[in-house]
Amino acid sequence: MEPIVRLRGVSKEFPGVVAVDGVDLDILPGEVHVVAGENGAGKSTLMKLLSQVERPTAGEIYISGERVEFHGPGHAQRLGVAMVYQEFALAPHLSVAENLFLGREPGRAGFVNRRAEREEARELLGRVGLEIDPDRLVSTLTVAEQQRVEIAKALAIDAKVVIMDEPTATLAEKEIEELFGVIRDLTAHGRAVLYISHRLDEIFRIADRVTVMRDGKVVATLPVEELDEAGLVRLMVGREIGNLYPKPEVEIGDVLLRVRGLSRGEKLKGCSFEVRSGEILGFAGLVGAGRTELARAVFGADPVDEGEIELEGRRLRIRKPQDAIEAGIGYLTEDRKGEGLALQLGVDQNITLASLPTWLGFIGLGRERSIAERRREQLNIRTPSVRRKVQVLSGGNQQKVVVARWLETRAKVLFFDEPARGIDVGAKAEMFSLIGELAREGRGIVLISSYLPELINMCDRILVMRDGSVAGVLEREEFSEERIIALATGVKEPV
C-alpha cells in the first residue's frame with residue numbers, strides 16, 4: 001500500500017537542541033497512527049514539520065508520492081494536511097460557517113455567497129455528526145462541538161491526513177466515544193489520522209499502529225496488537241516505571257474541611273462534602289457537572305449565594321482566593337498556563353508567588369532563591385536554573401512548580417484539578433506519587449479528574465456530581481466505572 005505521507009531522514013534543530021533527529025516514518029491511508037512519547041520526545045515538533053508550521057533542518061517529506069517543498073501552513077493544507085490543535089484555531093466571534101470557509105469563501109467577483117456557505121457548512125457538519133445551526137457563533141459552542149468544527153474544517157479542505165494533538169484532553173467519556181466514531185468514519189473513507197495522546201488506554205482503543213519517539217528519535221513503530229501497556233511505557237521512557245498510581249496506605253484522621261450547602265445560581269445546588277486528614281477525595285462527573293465550579297467556590301475564585309465552609313472546625317469567610325490561601329486551602333487549577341503560572345517569570349518567582357519572603361517590605365531575593373532550590377530538589381523539578389522562565393519547562397515540570405508554590409503556603413487542604421492532563425506517563429507517575437506523599441503527611445487532598453482510572457486507583461472516596469449537585473459519594477469498596485458513570489448520568493446501573 002502506498003503511504004499517504006512518507007518522511008525520510010527528517011530533522012529539526014533549534015539553538016542548542018535537536019528536537020527531531022533523522023526520523024523515518026510512513027503513514028498509510030485508512031489508518032489511525034498514534035505517535036507516543038514523553039514530553040520533549042519530539043512529537044509536536046514532528047507534527048509541525050508535517051503541517052509546515054516549522055521548516056525541516058534536513059530530510060525529505062513526501063505526500064501522495066510527491067516530494068513537497070516548504071511554503072508554510074497554507075501550502076500544507078492545499079496538499080491535504082489538516083491539523084486539529086489541542087487549543088483550537090477558531091475565531092470565536094465568527095459563525096460556524098464563516099470559520100469553516102475562512103479564506104476560501106464561496107462566491108464570485110469579490111462577493112461571498114452566504115447561502116451556499118451555509119448549505120455546504122451544514123453538509124460538512126452532518127458528516128462529523130454535528131446537528132447545529134451553521135450561523136451560530138463559535139463562542140456559544142461546547143468544547144466537544146468546537147472540536148467537531150475543527151474536524152469539519154479538515155473535511156472542507158479534503159484533507160488526506162488529519163493530525164490530532166491530544167484531542168480528548170477536555171472531553172467526557174461519552175464525547176470521547178463520539179469522537180472515536182468520527183475518527184473511524186474518516187479512516188473508513190481512506191483518510192489517515194495521525195494521533196498524539198498521553199492516555200495509554202486510549203491508544204489501545206483507537207490505534208492501528210503506534211510510533212514511539214524518545215529524545216527526538218523514532219525508537220519503534222509497531223502494530224498496536226503487538227504492544228501492551230507495560231511494553232509501551234518501557235519504549236516511551238526507556239526504563240521501568242513501576243506502579244503508575246502509587247497510593248500509600250494512610251490512616252485517615254479527623255475532618256479537616258467541611259462544606260455545607262454551597263450554592264451558586266444554576267452552577268452549584270446545595271453541595272456538601274467533607275475531607276479528612278490523610279484522605280484523597282475524588283470529584284467525578286461529566287464535563288459541566290460542577291466539579292471545577294465547586295473547587296473554585298471553596299477557594300473563593302467564584303462568589304457563592306449561600307453555604308458554609310469550615311477548616312479544622314473554624315468557620316471561614318472566603319470572599320477571594322487570598323482568604324482561602326491564608327486559611328490553609330490551595331487550588332491547582334486545570335488551566336495551569338492561563339491561571340496557574342506567571343509564564344514570563346522564573347521558577348523561583350512562581351514558587352514564592354503566594355507567600356513572598358519579605359523583610360521590611362522588600363522581597364528577599366536570596367531567600368527566594370534558596371526556597372526555590374529546596375523545592376526543586378524535593379520535587380525533582382528538571383531545570384538547569386531556578387531563574388529559568390517557567391514557560392520553557394515541560395508540562396510535568398510546570399505542574400510541579402505549581403505544587404511547590406502551595407507547599408510553601410503550608411496548605412492543609414489541596415485541590416488538584418486534572419493534575420495529569422497534558423503530561424507524559426513518567427511525569428504522571430511522579431505527580432501521583434507526590435499526591436500520595438502529601439496525603440501521608442496528613443493533608444487533605446481533593447483530586448478532580450475526568451479519567452476514572454486515576455480516581456479509582458488513587459482515592460479513598462469518590463464524590464460524583466451531576467448538574468451542579470452531589471449525586472452520591474462512594475466508599476473505596478464500592479468503586480467501579482459503571483457505578484460512577486451511573487451516578488454521573490442518572491442512568492441506572494445494569495443488573
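Given the structure is predicted, the values throughout are model-derived calculations rather than measurements.

1. Let's talk about the overall build of the protein chain
Helix and strand counts for the protein chain come out as 17 helices and 24 strands. For 495 residues, the compact-globule formula gives about 23 Å, and the C-alpha radius of gyration of the protein chain, at 24 Å, lands near that figure. With the C-alpha coordinates aligned to their principal axes, the bounding extent of the protein chain is approximately 70 × 50 × 50 Å. For the protein chain, buried positions account for 52% of its 495 residues. Within the protein chain, contacts between residues at least 6 apart in sequence are counted, and of these 65% link residues at least 24 apart. Here the protein chain has roughly 22300 Å² of accessible surface; of this, 47% comes from carbon and sulfur atoms. Separation of charge centres in the protein chain, based on 67 positive and 78 negative side chains, amounts to 4 Å.

2. Focus: helix 8 (residues 229-237)
Those residues of helix 8 that sit buried are Gly231, Leu232, Val233, Met236 and Val237. At the C-terminal side of helix 8, Gly238 shows a positive phi close to 75°.

3. Observations regarding helix 14 (residues 395-408)
Taking 1.5 Å as the rise per residue, helix 14 with 14 residues should run 20 Å; its terminal C-alpha atoms sit 20 Å apart, in good agreement. Burial of helix 14 is extensive: 14 of the 14 residues sit out of reach of the surface. Positive backbone phi, approximately 60°, marks Arg410, located one or two places after helix 14.

4. What about the sheet that holds strand 10 (residues 192-196)?
Sheet architecture is open: six strands sit in the order 6-9-10-3-11-12, paired in mixed fashion. Whereas interior strands pair on both sides, the edge strands pair on one side only; in this sheet they are strand 6 (81-84) and strand 12 (217-223). Across this sheet, the average inter-strand angle for adjacent strands is 20°, counted without regard to direction. Both strand 3 (residues 32-36) and strand 11 (residues 209-214) contribute to a ladder of four bridges, which runs parallel. By the bridge assignment for strand 11, His33 is matched with Arg209.

5. Things to note about the packing of aromatic side chains
Tallied over the full model, the rule gives three aromatic pairs. Ring geometry for Phe283 and Phe415: centres 6.4 Å apart, planes at 70°, overall edge-to-face. Here the residue Phe283 occupies a position in strand 15 (residues 280-284), and Phe415 occupies one in strand 21 (residues 413-417), the gap between them amounting to 132 residues. Judged by relative accessible area, Phe283 falls into the buried class, the value being 0%. Using a relative accessible area of 0% as the deciding quantity, one classes Phe415 as buried.

6. Points about the packing of helix 4 (residues 114-127) against helix 5 (residues 143-156)
Packing of helix 4 against helix 5 leaves a shortest axis separation of 9 Å and a crossing angle of 115°. Between helix 4 and helix 5, the crossing angle belongs to the class labelled roughly perpendicular. Relative to helix 5, helix 4 is oriented so that their crossing is right-handed. In this structure, helix 4 uses Leu124, Leu125 and Arg127 to contact helix 5, whose residues at the interface are Val149, Ala152, Leu155 and Ala156. Taken together, the residues of the contact of helix 4 with helix 5 break down into six nonpolar, no polar and one charged.

7. Description of the sheet that holds strand 13 (residues 255-264)
Read across the open sheet, the four strands follow the order 14-13-16-17; overall the sheet is antiparallel. Two strands bound the open sheet, and with one partner strand each, they are strand 14 (268-276) and strand 17 (314-316). The sheet shows a mean angle of 20° between the axes of neighbouring strands, taken without regard to direction. Of the strand pairs in this sheet, strand 13 and strand 16 (residues 306-311) are connected by five bridges, and their pairing is antiparallel. When the sheet's bridge partners are listed, Leu257 is paired in strand 16 with Leu311. On top of the sheet, helix 9 (residues 291-299) reaches strand 13, strand 14 and strand 16; it is set at about 75° to strand 14, its chief contact.

8. Points about the side chain of Lys12
Within the fold, Lys12 resides in strand 1 (residues 5-14). Classification of Lys12 as buried rests on a relative accessible area of 11%. At 2.9 Å, the side chain of Lys12 and the backbone oxygen of Arg55 are in polar contact. If near-sequence neighbours (up to four positions away) are discounted, Lys12 is found in contact with Val17, Val18, Ala19, Val20, Thr45, Leu49, Glu54, Arg55 and Thr57.

Scoring rules and cut-offs
- Residues numbered from 1 in each chain as written.
- Predicted model: local features only at pLDDT ≥ 70, side-chain atom pairs only at ≥ 80, totals over all residues.
- Heavy atoms only, no water.
- Helix = DSSP H or I, 4+ residues; strand = E, 2+ residues; numbered from the N terminus.
- Rg over C-alpha atoms; globule rule 2.2 N^0.38 Å.
- Buried < 20%, exposed > 50% of the residue type's maximum accessible area, 1.4 Å probe, protein only.
- Contact = heavy atoms within 4.5 Å.
- Areas by Shrake-Rupley, 256 points an atom, 1.4 Å probe, with all protein chains shown as cover.
- Lys, Arg positive; Asp, Glu negative; His and termini not counted.
- Charge placed at Lys NZ, Arg CZ, Asp CG, Glu CD.
- Expected span 1.5 Å × (residues − 1).
- Pairing = 2+ DSSP bridges.
- Axes fitted to C-alpha atoms, helices over the stretch in contact; angles between N-to-C directions.
- Phe/Tyr/Trp six-rings, centres within 6.5 Å; stacked < 30°, edge-to-face > 60°.
- Parallel < 35°, antiparallel > 145°, perpendicular 65-115°, else oblique.
- Left-handed = near helix turned anticlockwise from the far one by under 90°.
- Nonpolar A, V, L, I, M, F, W, Y, C, P; charged D, E, K, R; others polar.
- Polar contact = N/O pair within 3.5 Å; in protein donor to acceptor, adjacent residues only side chain to side chain.

So far we have only geometry, and geometry alone does not tell us how the molecule works.
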